[in-house]
Amino acid sequence: MVEKVIPIRLDEGKGLTPSIPGQLLAASTSTKDTRGRPLRDLRISVTDRCNFRCTYCMPKEIFDKDYPYLSHNELLSFEEITRLTTIFASLGVEKIRLTGGEPLLRKNLEVLIEMLAKIRTAADQPLDLTLTTNGSILRKKAAALKAVGLHRLTISLDGLNDDIFKKMNDVDFPVTDVLDGIAAAQEAGFTNLKVNMVVKKGTNDQEIIGMAKHFKGSGVTLRFIEFMDVGSSNGWDMSQVLPSQEVANRIHAVFPIEPIEANYPGEVAQRWRYLDGSGEIGFISSVTQTFCHECTRARISTDGQLYLCLFANEGFDFKTLLRSGRSDLEIANAIMSTWSGRNDHYSEIRGSNTAAVNTRKVEMSYIGG
Ligand code: SAM
Ligand code: SF4
Ligand code: SF4
């Protein structure tokens, strides 16, 4: 487990009039971190449990039956998540992604989504509410997720060949069930679906062309993710990373593609389109083409810690704040105070700062990617 620290400077709200979150700290919506980056996105991990044991995320040698998963009381409740999200929204956050572990394993998740769907941004717009799932129980859940107001879905799938996919998920889970989950999401009315494929060189890179062919022209955007050194248990080393440029080259040789403009500043995936007009693909290249300079994302772990970087080794304990009678204004100030001190840029120093790289980092299943 990572060490936890309490946020700092809770008295910063002095002189401000406590109010409802929507009116809080209008000036803070433009607060930037030490590198000039505003806070715009929030990822919330709703469970640390998963029914997969992807070797790059929750290797089964470590995440076994004796692993100390969090008890129900240690998780943020739906009310706590909603309160925190409301405060984040008042501070400029526009996009929320629910993740995990496997978020669809959190009991009654639809109830939480319904609560979150009612929150408005500081500009009085609905939040962009999204979720990332391994797709394993999406067939059962898709219609209910749509009905309660989830806007968008990303499904992870690392190959179409069962033997290779099973090597990645490590629990013998078949490809067909995930594809069926994707079909269920489409039937439920989700559009602009995204599929994430983590590429591990030598393990599933032979699936790249097959995946591209399968999703080309389907309206689903396939995104290739470089295998990252998240956490401290996935045995990462550079030799297993296939640079996105090489993935793009392989696809281009079969299906010609060209890069296109980002949808918005700070978009994590680089977009490319098929020259024959049959859609687009994306690349998330955290290792070989870093994007820290425009990283506007914070993360709330399953147990209510605020993390300012995917590769952080410590979080800020907002669960304690939420459970200690603090006002919304105090919590808002703690968030902005924490954000304004942020200096994280791990991916930019991965190659040069051995101390940072070797420090124990938070596990992916706590903060959800
Ligand atoms: N269980 C859900 C899923 O797999 O979609 C949500 C949580 S998962 C941690 C979120 C995303 O992180 C997935 O797309 C997964 O493939 C990606 N991911 C996990 N470990 C990774 C790693 N070491 N490198 C790159 N991506 C990783
Ligand atoms: Fe589970 Fe998602 Fe991690 Fe795979 S990547 S082990 S599905 S949390
Ligand atoms: Fe953001 Fe940290 Fe990733 Fe850089 S390494 S893009 S700061 S999460």
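- As annotated in an unreviewed UniProt entry, the chain carries the name GTP 3',8-cyclase and comes from Polynucleobacter duraquae.
- You can read under Pathway (unreviewed entry) in the UniProt record for the chain the words "Cofactor biosynthesis; molybdopterin biosynthesis."
- Turning to the chain, the UniProt record has this under Catalytic activity (unreviewed entry): "GTP + AH2 + S-adenosyl-L-methionine = (8S)-3',8-cyclo-7,8-dihydroguanosine 5'-triphosphate + 5'-deoxyadenosine + L-methionine + A + H(+)".

Details of the UniProt feature "binding site: [4Fe-4S] cluster 1" (unreviewed entry) in the chain
So, point 1. Mapped onto this numbering, the UniProt entry gives "binding site: [4Fe-4S] cluster 1" (unreviewed entry) at Cys-50, Cys-54 and Cys-57.
So, point 2. Structurally, the position occupied by Cys-54 is in the loop between strand S2 (41-45) and helix H1 (78-90).
So, point 3. Discounting chain neighbours no more than four positions away, the residues touching Cys-54 are Pro-59, Met-168 and Asn-169.
So, point 4. Turning to its location among the elements, Cys-57 is positioned in the loop between S2 and H1.
So, point 5. Look at Cys-57 and you get buried, because its relative accessible area is 18%.
So, point 6. Ignoring sequence-local partners within four residues, the contact set of Cys-57 consists of Phe-63, Asn-234, Glu-363, Met-364 and Ser-365.

Observations regarding the site of ligand 1
So, point 1. The environment of ligand 1 is made up of 20 residues, and the closest members are Tyr-56, Gly-101, Ser-156, Val-198 and Met-228.
So, point 2. Contact between ligand 1 and Gly-101: a nitrogen atom at 3.0 Å from a main-chain N or O atom of the residue.
So, point 3. Taking Asn-234, its side chain carries an N or O atom lying 3.3 Å from a nitrogen atom of ligand 1.
So, point 4. Notes on ligand 1: free accessible area 550 Å², of which the protein chains cover 95%.
So, point 5. Tallied by class, residues from the shell around ligand 1 come to eight nonpolar, 10 polar and two charged.

Considering the pattern of salt bridges
So, point 1. In the structure shown here, the tally under the stated rule is 18 salt bridges.
So, point 2. For Glu-187, the salt bridge is made with Arg-139, and the minimal N-O distance between the two is 3.0 Å. With Glu-187 in helix H5 (residues 175-187) and Arg-139 in helix H3 (residues 138-147), this residue pair connects regions lying 48 residues apart in the sequence.
So, point 3. Assessed through its relative accessible area of 58%, Glu-187 is described here as exposed.

As for the nonpolar core
So, point 1. Membership of the largest hydrophobic core comes to 106 residues, with the highest contact counts inside it found for Phe-224, Ile-251 and Ile-335.
So, point 2. Sequence-distant contacts of Phe-224, defined by excluding residues within four places in its chain, comprise Met-197, Val-199, Ile-208, Val-247, Ile-251, Ile-281, Gly-282, Phe-283 and Ile-284.

Topic: unusual backbone geometry
So, point 1. A positive phi angle, near 60°, is found at Asp-170, a position not held by glycine.
So, point 2. Secondary-structure assignment places Asp-170 in the loop between helix H4 (162-169) and H5.
So, point 3. Of note, the phi angle at Asn-192 is positive, near 50°, even though the residue is not glycine.
So, point 4. Structurally, the position occupied by Asn-192 is in the loop between H5 and strand S6 (194-199).
So, point 5. A residue is classified by how much of its surface remains accessible, and Asn-192, at 53% relative accessible area, is exposed.

What counts, and where the lines are drawn
Residues numbered from 1 in each chain as written. Chains lettered and ligands numbered in written order. Predicted model: local features only at pLDDT ≥ 70, side-chain atom pairs only at ≥ 80, totals over all residues. Heavy atoms only, no water. UniProt positions renumbered as here; feature names shortened; annotations may be inferred. Helix = DSSP H or I, 4+ residues; strand = E, 2+ residues; numbered from the N terminus. Contact = heavy atoms within 4.5 Å. Buried < 20%, exposed > 50% of the residue type's maximum accessible area, 1.4 Å probe, protein only. Near = heavy atom within 4 Å. Polar contact = N/O pair within 3.5 Å; in protein donor to acceptor, adjacent residues only side chain to side chain. Areas by Shrake-Rupley, 256 points an atom, 1.4 Å probe, with all protein chains shown as cover. Nonpolar A, V, L, I, M, F, W, Y, C, P; charged D, E, K, R; others polar. Salt bridge = Lys/Arg side-chain N within 4 Å of Asp/Glu carboxyl O. Core = buried A, V, L, I, M, F, W, Y, C linked by side-chain atoms within 4.5 Å.

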